[in-house]
Amino acid sequence: MGVFGVIGTVRSVDGQSIYSMDGTPTGLEEEIRWKVNRGRFDSTSENLTRGTAYTDVPASSGPLAPNQEITLAARHQSEDMAKANLFQHSTVPGSLYYNPTNQPNPWDRMHAEGYSYNSAGENIAAGYTSSESVYVAWWNSSTGHRANMYNSAYREVGNGYYYWSSSLYRSYYTMDLGNSGSTCFLTDTLFQDANGDGVYQSSEAVPGVAIRLLVGGNVFGFCDISTSVGSFAIPLQSLATNTLAQVVLSNTTTAAVVMSIPRDYRNYTTVSLAPGESLVYGTFTRPTTARNVGLRDLTPVQMPLVAAPLSITASGTNVTLRWTSVAGLTYQPEWTTDFVTWTASTNVYLSGTGSDMTYTETAPPQGSKFYRLLISSP
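Residues numbered from 1 in each chain as written. Predicted model: local features only at pLDDT ≥ 70, side-chain atom pairs only at ≥ 80, totals over all residues. Heavy atoms only, no water.

## What to know about the pattern of salt bridges
Here's step 1: Under the criterion given, the structure shown has 9 salt bridges.
Here's step 2: Salt-bridge contacts for R75 lead to E29; the nearest nitrogen and oxygen are separated by 2.8 Å. Separated by 46 residues along the polypeptide, R75 in helix α3 (residues 68-84) and E29 in helix α1 (residues 27-41) bring together distant segments of the chain. (Salt bridge = Lys/Arg side-chain N within 4 Å of Asp/Glu carboxyl O. Helix = DSSP H or I, 4+ residues; strand = E, 2+ residues; numbered from the N terminus.)

## Regarding the side chain of S226
Here's step 1: With respect to the helices and strands, the residue S226 is situated in the loop between β10 (222-225) and β11 (231-235).
Here's step 2: Within the local environment of S226, its side chain forms a polar contact with the backbone oxygen of V206, the two atoms lying 2.9 Å apart.
Here's step 3: Apart from residues no more than four positions distant in its own chain, S226 is found in contact with L190, V206, P207, G208, V209, I211, S231 and F232. (Polar contact = N/O pair within 3.5 Å; in protein donor to acceptor, adjacent residues only side chain to side chain. Contact = heavy atoms within 4.5 Å.)

## What about a nonpolar patch on the surface?
Here's step 1: Taken together, the side chains of F87, L168 and Y169 present a nonpolar region at the surface, about 320 Å² in accessible area.
Here's step 2: Take L168: it is sitting in the loop between β5 (156-163) and β6 (171-179). (Patch = residues over 30% accessible without salt bridge, like charges linked within 9 Å, V, L, I, M, F, W, Y side chains within 5 Å. Areas by Shrake-Rupley, 256 points an atom, 1.4 Å probe, with all protein chains shown as cover.)

## A closer look at the sheet that holds β6
By way of backbone hydrogen bonds, the strands of a sheet pair with one another, either parallel or antiparallel.
Here's step 1: In space, the 4 strands of this open sheet follow the order β3-β5-β6-β4, with mixed pairing throughout. Since the sheet does not close on itself, it has two edges, and those belong to β3 (65-66) and β4 (119-126), each with one partner.
Here's step 2: Sheet topology note: the β5/β6 ladder contains 8 bridges and is antiparallel. Following the sheet pairing, V157 is matched in β6 by L177.
Here's step 3: Of the strands in this sheet, β3, β4, β5 and β6 touch α3, which is tilted by about 30° from β5. (Pairing = 2+ DSSP bridges. Axes fitted to C-alpha atoms, helices over the stretch in contact; angles between N-to-C directions.)

## Description of unusual backbone geometry
Here's step 1: Look at R170: it is not a glycine, yet its phi comes out positive at around 70°.
Here's step 2: Among the structural elements, R170 can be located in the loop between β5 and β6.
Here's step 3: In this structure R170 comes out as partly exposed when scored by relative accessible area, which is 45%.
Here's step 4: The phi dihedral of N242 is positive, around 65°, even though this residue is not glycine.
Here's step 5: Residue placement: N242 occurs in the loop between β11 and β12 (244-251). (Buried < 20%, exposed > 50% of the residue type's maximum accessible area, 1.4 Å probe, protein only.)

## Some remarks on the sheet that holds strand β18 (residues 318-324)
Here's step 1: With respect to topology, 3 strands assemble into an open sheet ordered β17-β18-β22, the strand pairing being antiparallel. Edge positions in the sheet fall to β17 (311-315) and β22 (356-362), since each has one partner strand and no second. Here the average twist between neighbouring strands, direction ignored, is 20°.
Here's step 2: Pairing geometry for β17 and β18, over 5 bridges, is antiparallel. Residue T313 lies in a different strand from β18, and its bridge partner there is T320.

Shape descriptors only; they carry no functional weight alone.
Right, here's the structure in full:
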């Protein structure tokens, strides 16, 4: 029996928080993160792809989540280097953003942007003309750059690119990395591999897909929506270790979307969603460590849910729930005031009609009443 529905309340509170600290990387910045994350999942395959045999990186690490504060630090360092025509890790004299005396190091700049780190590192590069060329340069350049990108302790990243035509190298890149307390994430990039090369290009990004978690039949407190470059991140530290979570993908746009979901380093599953459609794509068990989880870590279990989010409207003394149903599935609205005790609104499950269904009941006289939709496949 499925147990999914967008939780809502007659006071427009949906019981979830969209994670926003991941920000929105640029296309080039996200391409770099994607390349690093693919390699972190399987460094043996990365060596084969690059024609190398490096043994100084872990066999597998969790993916790096984007972090807006780190990204700002990286972008500002790249801009400072470009405009000062310098190439250095130290804060540039005359920096537009930082005090080179009191904030001389990469981690000082990250802290200045608000990031509280346990450990941090930085890579810089200049003169390269693409995400591929700069990533390969870092992969091949030295143990230090490669070790930074593949350090399993790091869980967040910010890539910052800046172009300045009057500088020596013109194109400047900074990659800042860190971890903060016990923060960890479900994170990845949603895209359609339109050209079939198995590699993410930002032009292939799939935005507007909501990523939610179901835990023990309840909607997890955090969710995210894929950005214009397909990036997303959901913090997991409040999810107990060894807990099973279902990953739900929901199309929030008015057009059908097609996604290439990675199964491992090279292989993909094609997933299509009609406008408003949702499905459980797969499951994962929260690791006992603070390691991040990516789409490659999921066990695919594609299961349709509901073709549209549960909408809730209040009119006078009534509340009306509306959803798009699937023929062959059955539905039961439930309500709660405390997210602990749930009460069925109907005595029996309602049979799906293949079109919009509604259920109306009397609104609470005061306070908030939250709703969810249980879905069953008889």
